[in-house]
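Working through the structure, step by step
So the chains spell out like this:
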Amino acid sequence: LDNLRQKPVILVAPKDLNQIYLSFAFPVPGTGAPDEAGLEVLARLLGGDATSYLYRKYKYDLRFVDEISASVTTMQGAGILFFSAVLKPEKLPEFWSAICADLAGLSAANFTEEDIARAKLNIEDGLFREKETLAGLASKEGYFYFLDGGPEGEERFLQGVRATSAADLQKLINKYVQKDTLTA
């Protein structure tokens, strides 16, 4: 993360489509980093499901998007806090202005204690559901064993998720949701 760009990068691939498929991301640290679990909680709160902050605001309240989501993707050495949205072309200028302003002013105060507890529970539930099949079990066990410090990796991750507080979320927002590192 030391060599991050100092300006946002926006790439446009024009197509004649009925909808816009917009993706944007902020760089975050990779697998096993101390902030990984907290970033998962933040992503879940922002756009992890239909109860999330961005989904409620931009799909239901403002009706700018058909879909919006947020997730964290980590690899060894690097990761991204990734957002995607599907919307009508005529909604793009208003949506883009609103989402940029929203992320620039994002605060952990946007999330209630109930929101945070639900996000943590959903992350934990998702991990357990993924292990209901043999392929899912092998994938999760392999991920944590090889990429996150051995067999204790999953328990460390879950402890990090459970320990994430509103104050931790604010620190993560301040650290990683920075306009100068945005790629869209």
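These figures come from a predicted structure and were not determined experimentally.

1. So, the sheet that holds strand 2 (residues 67–75)
Judged by pairing direction, the sheet is antiparallel, and its 3 strands sit side by side in the order 1-3-2 without closing on themselves. In the strand order of this sheet, the two ends are held by strand 1 (20–28) and strand 2, each with one partner. Sheet twist, expressed as the average angle between the axes of neighbouring strands with direction ignored, equals 20 degrees. Across 9 bridges, the pairing between strand 2 and strand 3 (residues 78–87) is antiparallel. Paired with Thr-74 across the two strands is Gly-79, which belongs to strand 3. Against the sheet, helix 1 (residues 36–47) engages strand 1, strand 2 and strand 3, with an angle of about 170 degrees to strand 2.

2. Some thoughts on the confidence of the model for the chain
In this model, the chain carries an average pLDDT of 88, and 89% of its residues clear a pLDDT of 70 or more. Taken as a whole, residues 1–5 scores under 50 in pLDDT and shows 10 contacts with residues more than four places along the chain or in a different chain.

3. What to know about the packing of aromatic side chains
As enumerated under the stated definition, the model contains 7 aromatic pairs in all. When the ring of Tyr-53 is compared with that of Phe-111, the centres are 6.1 Å apart and the planes differ by 85 degrees; the resulting orientation is edge-to-face. One end of the pair, Tyr-53, is in helix 2 (residues 53–61); the other, Phe-111, is in the loop between helix 3 (92–104) and helix 4 (113–130), with 58 residues separating them in the sequence. On the basis of relative accessibility, which here comes to 6%, the residue Phe-111 falls in the buried class. Here Tyr-58 and Phe-95 contribute two aromatic rings whose centre-to-centre distance is 5.3 Å and whose plane-to-plane angle is 85 degrees, an arrangement assigned as edge-to-face.

4. Points about helix 6 (residues 153–163)
Within helix 6, the full set of buried residues consists of Gly-153, Glu-154, Phe-157, Leu-158 and Val-161. Projected down its long axis, helix 6 shows its buried positions confined to an angular sector of 130 degrees, all on one face.

5. Concerning the pattern of salt bridges
Scanning the model with the defined rule gives 7 salt bridges in all. In this structure, the salt-bridge partner of Lys-57 is Asp-102, at a minimum N-O distance of 3.2 Å. Of this pair, Lys-57 sits in helix 2 while Asp-102 sits in helix 3, and the two are 45 residues apart along the sequence. By relative accessible area, Lys-57 is classed as partly exposed at 25%. Looking at Asp-102, the relative accessible area reads 10%, which means it is buried. One salt bridge connects Glu-155 with Arg-162, and the closest N-O pair in it is separated by 3.3 Å.

6. Here's the deal with the packing of helix 4 against helix 6
A packed helix pair is summarised by two numbers, namely the angle formed by the two axes and the spacing between the axes. Here helix 4 crosses helix 6 at 160 degrees, and the two axes come no closer than 9 Å. Between helix 4 and helix 6, the crossing angle belongs to the class labelled roughly antiparallel. Of the two possible hands of crossing, helix 4 and helix 6 adopt the one that is left-handed. Packed against helix 4, whose contacting residues are Lys-120, Ile-123, Glu-124, Leu-127 and Phe-128, the element helix 6 presents Glu-154, Phe-157, Leu-158, Val-161, Arg-162 and Ala-163 at the interface. Its residues placed into classes, the contact of helix 4 with helix 6 shows 7 nonpolar, no polar and 4 charged.

Rules used in this analysis
Residues numbered from 1 in each chain as written. Predicted model: local features only at pLDDT ≥ 70, side-chain atom pairs only at ≥ 80, totals over all residues. Heavy atoms only, no water. Pairing = 2+ DSSP bridges. Helix = DSSP H or I, 4+ residues; strand = E, 2+ residues; numbered from the N terminus. Axes fitted to C-alpha atoms, helices over the stretch in contact; angles between N-to-C directions. Contact = heavy atoms within 4.5 Å. pLDDT = per-residue confidence, 0-100. Phe/Tyr/Trp six-rings, centres within 6.5 Å; stacked < 30°, edge-to-face > 60°. Buried < 20%, exposed > 50% of the residue type's maximum accessible area, 1.4 Å probe, protein only. Arc of directions from axis to C-beta. Salt bridge = Lys/Arg side-chain N within 4 Å of Asp/Glu carboxyl O. Parallel < 35°, antiparallel > 145°, perpendicular 65-115°, else oblique. Left-handed = near helix turned anticlockwise from the far one by under 90°. Nonpolar A, V, L, I, M, F, W, Y, C, P; charged D, E, K, R; others polar.

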